[in-house]
Amino acid sequence: MTVTRFCPSPTGLVHVGAMRTALFNWAHARHTGGTFVFRIEDTDAARDSEESYRHLLDCMRWLGLDWDEGPEVGGPHGPYRQSERHEVYRDVAARLLAAGHAYESFSTTEEVDARRRAAGQDPKLGYDNADRHLTAEQVAALRAEGREPVLRLRMPDEDLGWTDLVRGEISFAAGSVPDPVLVRATGAPLYPFTNPVDDALMGVTDVLRGEDLLPSTPRQIALYRALTDIGVASGTPRFGHLPLVFGDGNKKLSKRDPQSDFDVYRDRGFLPEGLVNYLALLGWAIADDRDVFSPAELVEAFDVTRVSANPARFDLRKAEAINATHLRALPVEEFTARVTPFLVRAGLVGDPPTAEQQRVLDAIAPLAQERMIVLSDAVGLLGFLFTDDVDIDAAAAAKNLRPEDGEVLDAAAAALRAVPAWTAADIEGALKQSLVEDLGRKPRQAFGPVRVAVSGRTVSPPLYESLELLGRDRTLRRLEGAREAYAR
RNA sequence: GCCCCCAUCGUCUAGCGGUCCAGGACGUCGCCCUUUCAAGGCGGUAGCACGGGUUCGAACCCCGUUGGGGGCACCA
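What counts and what doesn't
Residues numbered from 1 in each chain as written. Chains lettered and ligands numbered in written order. Predicted model: local features only at pLDDT ≥ 70, side-chain atom pairs only at ≥ 80, totals over all residues. Heavy atoms only, no water. 1 Å grid on protein atoms, 1.4 Å probe; cavity = no way out; pocket = protein on both sides within 12 Å on 5 of 7 lines; lining within 4 Å. Points joined across faces, edges and corners; volume = space filled by probe spheres on them. Helix = DSSP H or I, 4+ residues; strand = E, 2+ residues; numbered from the N terminus. Nonpolar A, V, L, I, M, F, W, Y, C, P; charged D, E, K, R; others polar. UniProt positions renumbered as here; feature names shortened; annotations may be inferred. Buried < 20%, exposed > 50% of the residue type's maximum accessible area, 1.4 Å probe, protein only. Near = heavy atom within 4 Å. Polar contact = N/O pair within 3.5 Å; in protein donor to acceptor, adjacent residues only side chain to side chain. Axes fitted to C-alpha atoms, helices over the stretch in contact; angles between N-to-C directions. Parallel < 35°, antiparallel > 145°, perpendicular 65-115°, else oblique. Left-handed = near helix turned anticlockwise from the far one by under 90°. Contact = heavy atoms within 4.5 Å. Salt bridge = Lys/Arg side-chain N within 4 Å of Asp/Glu carboxyl O. Phe/Tyr/Trp six-rings, centres within 6.5 Å; stacked < 30°, edge-to-face > 60°.

K.L.:
Looking at this structure, how should I read the layout of surface pockets?
P.N.:
Over the atoms, a rolled probe matching the size of one water molecule traces out where space is still vacant. A volume near 290 Å³ is recorded for the second largest pocket. The wall of the second largest pocket is formed by 18 residues, among which Arg90, Ala93, Leu151, Val183 and Gly187 lie closest to the centre. Elements with a contribution of two residues or more to the lining of the second largest pocket: α3 (86-98) and β4 (150-153). The element contributing the most residues to the lining of the second largest pocket is α3, with six residues. Class assignment of the residues belonging to the lining of the second largest pocket gives a composition of 11 nonpolar, two polar and five charged.

Spelled out as structure tokens, the structure:
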């Protein structure tokens with residue numbers, strides 16, 4: 001039975017790279033029929049926030065990553081917030097100390113640095129394991145000075161390696177990893193300690209995490225061995241280090257990079273299934289001739305051992321292309337339902353929309369669907385249908401509402417005023433006759449000005465249908481308004 | 001500096017010793033369709049970092065070089 005987990009710390013914004021990691025763990029668990037555990041690692045009171053915690057759960061649910069054990073769901077190994085598990089860590093720490101796997105260390109960072117420098121070494125080498133063999137007397141003496149020790153893990157004196165699920169054999173030489181701090185002098189447990197302890201207690205079998213954590217794996221393995229020895233763990237899990245997600249440069253997508261904020265994709269109206277699809281492509285491929293797939297297809301096909309080991313750049317254009325494909329594939333009613341909240345938020349339609357607004361929306365939806373990339377595009381694309389007056393884009397006006405376009409607006413207005421039945425077909429006939437035949441304009445020179453005058457943009461849903469929905473009065477008013485304001 | 005990871009079109013990838021003078025997607029370019037813009041269709045462009053091996057045969061295996069990245073906290 002496979003048990004995977006996603007264990008973010010609730011500090012600030014939700015990172016797309018973190019959600020990619022969550023997705024892979026979820027997909028791996030679902031594909032193998034295993035369990036997906038969601039755990040909150042809020043051991044850093046100074047940086048964690050309740051708001052961030054709530055937001056994390058919200059993002060997970062929105063993306064469709066359901067968890068079998070975790071916050072608000074419960075499970076046999078709770079609680080699932082580390083801030084509520086301090087007794088667990090206190091107990092395990094005591095047992096590790098008693099068994100000799102951990103020891104009390106009094107060296108301060110300054111003292112370690114000083115010793116490294118005195119020995120002509122780079123302080124970057126870190127802790128020098130100086131306190132490994134303090135006698136009981138020395139410990140007592142140091143305590144008598146009022147010094148409080150941290151708890152450190154005693155690293156084994158041998159090479160530490162493992163078979164990585166995505167990278168194969170990896171090994172670190174003995175002595176290359178200093179004894180890590182498990183618990184602060186204050187008694188506060190640290191991530192390198194709580195993480196493996198909880199993984200062990202929660203039965204996690206497969207750890208899929210970012211490659212940035214790869215160098216810390218030896219100490220995790222050492223801890224696992226110690227935990228196994230004292231009966232807390234029943235072995236070491238498998239590890240799979242996922243490729244990093246790069247931003248525009250050749251660097252890990254940092255938390256400071258605007259592109260890393262998961263919310264911007266949600267807010268722009270990416271579809272959960274579209275984002276799931278793209279995120280999955282960051283290091284994985286479903287087939288050699290296809291890259292659009294549903295979450296269900298992802299689960300069906302996902303194989304962690306086929307995840308690529310090279311870093312993946314977050315390519316917004318590709319993400320948009322993938323999302324647009326999913327958007328177009330939506331049944332039109334579903335599309336309309338998903339677009340509506342964006343129009344409501346923009347103040348274009350009521351909440352809920354009025355019957356008339358709904359009629360217009362239903363009519364225009366199929367025509368708008370294939371012209372959009374994200375749901376929020378609807379605000380700009382369809383706004384003109386839900387307002388009395390239209391805001392005309394300056395660039396569009398400069399391009400299509402020039403002085404010489406005045407004749408088009410006049411001719412269009414005259415022709416449309418005379419259209420007997422206000423239907424798309426009749427509107428088309430009237431405009432073609434008056435602008436293309438009578439005025440002798442090329443189609444793009446004929447319809448461009450009308451489009452901009454009426455919709456405010458050079459890109460809009462098909463013109464005749466748009467005019468039909470807009471109604472004769474508003475259409476004529478806008479043609480005249482544009483004539484006055486621009487084409488003179 | 002030390003440790004570790006990575007190396008196929010601009011980007012993400014397929015490739016797991018012969019079927020690859022390397023396939024797909026995004027981008028880009030051209031054409032078609034066309035009422036603008038898209039969408040859609042068709043076509044083009046562009047890549048195995050380098051050097052040694054191993055092998056009858058290497059993008060695929062080994063070694064080295066170069067390049068890129070990550071990590072070196074009493075953060076997670």
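K.L.:
Explanation requested: the UniProt feature "short sequence motif: 'HIGH' region" (unreviewed entry) in chain A in the structure shown.
P.N.:
According to UniProt, the positions carrying the feature "short sequence motif: 'HIGH' region" (unreviewed entry) are residues 8-18. Here residues 8-18 runs as 27% helix and 0% strand, with 8 Å between its end C-alpha atoms.

K.L.:
What is the right way to look at the environment of Ala485 in this model?
P.N.:
Summarising the element assignment, Ala485 is placed in helix α20 (residues 472-485). The exposure class of Ala485 is exposed, given its relative accessible area of 51%.

K.L.:
What is the right way to read the protein's contact with RNA strand B from this model?
P.N.:
Lining the immediate surroundings of RNA strand B are 59 residues, of which Arg167, Arg184, Arg306, Thr458 and Tyr464 lie closest. The sugar-phosphate backbone supplies 71% of the atoms of RNA strand B found within 4 Å of the protein. Between RNA strand B and Lys124, the relevant distance is 3.4 Å, taken from a sugar or linking oxygen to a main-chain nitrogen or oxygen of the residue. Contacts to RNA strand B include Leu281, whose backbone N or O atom sits 3.2 Å from a sugar or linking oxygen. Across the surface near RNA strand B, the residue classes break down as 21 nonpolar, 11 polar and 27 charged.

K.L.:
Would you mind showing me how to read the packing of helix α12 (residues 332-345) against helix α13 (residues 355-369) here?
P.N.:
Between two packed helices, the angle of one axis relative to the other and the distance separating the axes together describe the packing. In contact at an axis separation of 10 Å, α12 and α13 are set at 110 degrees when each is read in the N-to-C sense. Classified by the angle between their axes, α12 and α13 sit roughly perpendicular to one another. In the crossing of α12 with α13, the sense of the turn from one axis to the other is right-handed. Contact with α12, carried on its side by Val332, Phe335, Thr336, Thr340 and Leu343, involves Gln358, Leu361, Asp362, Ala365, Pro366, Ala368 and Gln369 of α13 and no other residues of that element.

K.L.:
I would appreciate a short explanation of the pattern of salt bridges in the present structure.
P.N.:
For side chains of opposite charge, pairing can occur when their charged atoms come near one another. As enumerated under the stated definition, the model contains 38 salt bridges in all. Residues participating in the shared-partner salt-bridge network are Arg5, Arg39, Glu41, Arg85, Asp198 and Asp199.

K.L.:
Would you mind going over unusual backbone geometry with me for this structure?
P.N.:
Residue Gly78 is joined to Pro79 through a cis peptide bond whose omega torsion reads -5 degrees. You can see Pro79 is positioned in the loop between α2 (50-63) and α3. Look at the link from Asp351 to Pro352: it is a cis peptide, with omega at 0 degrees. Among the structural elements, Pro352 can be located in the loop between α12 and α13. Even without being glycine, Glu72 reaches a positive phi, approximately 65 degrees. Along the chain, Glu72 falls in the loop between α2 and α3. A positive phi is found at Asn129, a non-glycine position, where the angle reads about 60 degrees. By the element assignment, Asn129 lies in the loop between α4 (109-118) and α5 (136-144). What makes Asn129 partly exposed here is its relative accessible area of 21%.

K.L.:
Just to check I follow, could you spell out the packing of aromatic side chains for this structure?
P.N.:
Any two aromatic rings considered together are summarised by their centre-to-centre distance and by the angle between their planes. The final tally for this structure, using the stated rule, is 13 aromatic pairs. Geometrically, the ring pair formed by Phe24 and Phe302 is edge-to-face, given 5.2 Å between the ring centres and 65 degrees between the ring planes. Taken together, the positions of Phe24 in helix α1 (residues 16-31) and Phe302 in the loop between α10 (295-301) and β11 (312-313) put the pair 278 residues apart, joining distant regions of the chain. Taking relative accessible area as the criterion, Phe302 reaches 1% and is therefore assigned buried. With 5.7 Å between their ring centres and 90 degrees between their planes, Trp284 and Phe293 make a pair best called edge-to-face. Take Phe293: its relative accessible area is 2%, and that puts it in the buried class.

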